[in-house]
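One letter stands for each residue in the lines below.
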Amino acid sequence: MSRTPITLGAIFACALGLGNAKAEIFANGRWIDLSHAFSAETIYWPTAEPFKRETVFAGTTQAGYYYSAYNFSAAEHGGTHIDAPVHFAEGQRSVDEIPVGQLIGPAAVIDVAQAGAADRDYQVTADDFKAWEAEHGRLPDGAIVLLNTGSAKCWPNREAYMGTAQRGEEAVAKLHFPGLYPEAARWLVHARAIGAIGLDTPSIDYGQSKRFESHRILFKAGVPAFENVTNLNALPATGATAIALPMKIEGGSGGPLRIVAFVPAS
């Protein structure tokens, strides 16, 4: 008796409760990992505790079989991670309270890599979104908006990626990387109905921000942010589906994130 192989796409479609017809969406295509691995090289905010891993045991046990186990510790915000709305908006959702459906949606990739390379303090504007819409149509409701500033190519070189390799409070003033202009954040929450937003830099606000206005605008509206995303060059402007599932930390203001995207076969 022949058996139809079970694909990752079929499993994902089943987990979402999709019917057979919709499951076909995930039958042909490729999965793109948009996450950096966590290691001693992982980039964190200059004042945040970096990722640390210690070996509990790795080797052959007295019983003769191989076994490995490790402890790890890190700040919530570092590497590829999620910012929950409560991070900058009192009373808003913590990371464990964000509905899963809000973290899965059509990916809209806004390519501002050329501007980001020319100006490391570039801020993505509402005009950038409007230019994208003029070519690709209105941002879909529930979209996962991903800003490709071209920064991921600098990872894990801290100085190239975020403007400084120094750590501590004095390093914060030396940060330089692109982000989202507050007026553009305001346009997104008032004129569109996105599910979440992410980008390939350490913060949704640009490096020289002192007031973190884009964080505050987005999070007050319940829109979470994904930071230090990678591989956005591998995604089309439209047509992919993004799935961003964070560590479910009770009451957390954020946490490590595994974000992937499915790109259907053309």
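The structure presented is a predicted model; accordingly, all values stated were derived computationally and were not measured. (Residues numbered from 1 in each chain as written. Predicted model: local features only at pLDDT ≥ 70, side-chain atom pairs only at ≥ 80, totals over all residues. Heavy atoms only, no water.)

**Student:** Help me understand the packing of helix α7 (residues 182–191) against helix α8 (residues 213–220) in this model?
**Tutor:** When two helices pack together, their arrangement is given by the angle between the helix axes and the distance between those axes. One way to put it is that α7 packs onto α8 with a least axis distance of 8 Å and a crossing angle of 10°. With respect to each other, α7 and α8 are oriented roughly parallel. Here α7 contributes Pro182, Ala185, Arg186 and Val189 to the contact with α8, which in turn contributes Glu213, Ser214, Ile217 and Leu218. Classifying every residue of the contact of α7 with α8 gives five nonpolar, one polar and two charged. (Axes fitted to C-alpha atoms, helices over the stretch in contact; angles between N-to-C directions. Helix = DSSP H or I, 4+ residues; strand = E, 2+ residues; numbered from the N terminus. Parallel < 35°, antiparallel > 145°, perpendicular 65-115°, else oblique. Contact = heavy atoms within 4.5 Å. Nonpolar A, V, L, I, M, F, W, Y, C, P; charged D, E, K, R; others polar.)

**Student:** It is not clear to me how helix α4 (residues 126–136) should be interpreted in this structure. Could you clarify?
**Tutor:** It helps to recall that an α-helix has 3.6 residues per turn; residues three or four apart then point in one direction. Looking only at α4, the buried set comprises Ala126, Asp128, Phe129, Trp132 and Glu133. The buried residues of α4 occupy one face: seen down the axis, they fall within an arc of 155°. Away from its buried face by more than 90 degrees, α4 exposes Asp127, Ala134 and Glu135. Residues of α4 that are buried make contact with β5 (104–111), β6 (123–124), β7 (144–148), β8 (179–180) and α7. Residue Thr125 occupies the N-cap position of α4, its side-chain oxygen lying 3.3 Å from the main-chain nitrogen of Asp127. Looking one or two residues past α4, Gly137 carries a phi angle of roughly 95°, positive in sign. (Buried < 20%, exposed > 50% of the residue type's maximum accessible area, 1.4 Å probe, protein only. Arc of directions from axis to C-beta. Polar contact = N/O pair within 3.5 Å; in protein donor to acceptor, adjacent residues only side chain to side chain.)

**Student:** Before we go on, may I ask you to explain the nonpolar core in this structure?
**Tutor:** It is characteristic of soluble globular proteins that their nonpolar side chains tend to be buried jointly. Ranked by internal contacts, the top residues of the largest apolar core, which has 27 residues, are Phe129, Val145, Leu147, Leu180 and Ile197. Among the elements of the structure, β5, α4, β7, α7, β9 (196–199) and α8 are those that each provide at least two residues to this core. When residues in this core are grouped by element, the largest group, four residues, is from α7. Apart from the residues lying within four places of it in its own chain, the contact partners of Ile197 are Val145, Leu147, Leu180, Leu188, Ile204, Leu218, Val223, Pro224, Ala225 and Phe226. (Core = buried A, V, L, I, M, F, W, Y, C linked by side-chain atoms within 4.5 Å.)

**Student:** Help me understand the environment of Ser94, please; the structure alone is not making it clear to me.
**Tutor:** Within the element layout of this structure, Ser94 appears in the loop between β4 (81–83) and β5. A residue is classified by how much of its surface remains accessible, and Ser94, at 6% relative accessible area, is buried. For the pair Ser94 and His136, spaced 42 residues apart in sequence, the C-alpha separation works out to 33 Å. Filtering out sequence-adjacent residues up to four positions away, Ser94 remains in contact with Ala84, Val86, Gly251 and Gly252. A polar contact of 2.6 Å, which involves the side chain of Ser94, links it to the side chain of Asp96.

**Student:** What exactly am I supposed to notice about the pairing of strand β2 (residues 52–60) here?
**Tutor:** In regular strands, side chains alternate between the two faces of the sheet. Bridge count between β2 and strand β3 (residues 66–73): eight bridges; the pairing is antiparallel. If you follow Arg53 over to β3, its bridge partner there is Phe72. Here β2 folds back onto β3, and the loop between the two strands holds five residues, one of which, Gly64, carries a positive phi near 95°. (Pairing = 2+ DSSP bridges.)

**Student:** How do you make sense of the packing of α4 against α7 when you look at a structure like this?
**Tutor:** Orientation of α4 relative to α7, taken along the N-to-C sense of each, is 50°, at an axis distance of 8 Å. Taken together, the axes of α4 and α7 lie oblique to each other. Residues Ala126, Phe129, Lys130 and Glu133 of α4 pack against Ala184, Trp187 and Leu188 of α7. Of the residues in the contact of α4 with α7, the class split is five nonpolar, no polar and two charged.

Remember that the coordinates give geometry; whether it matters functionally is a separate question.
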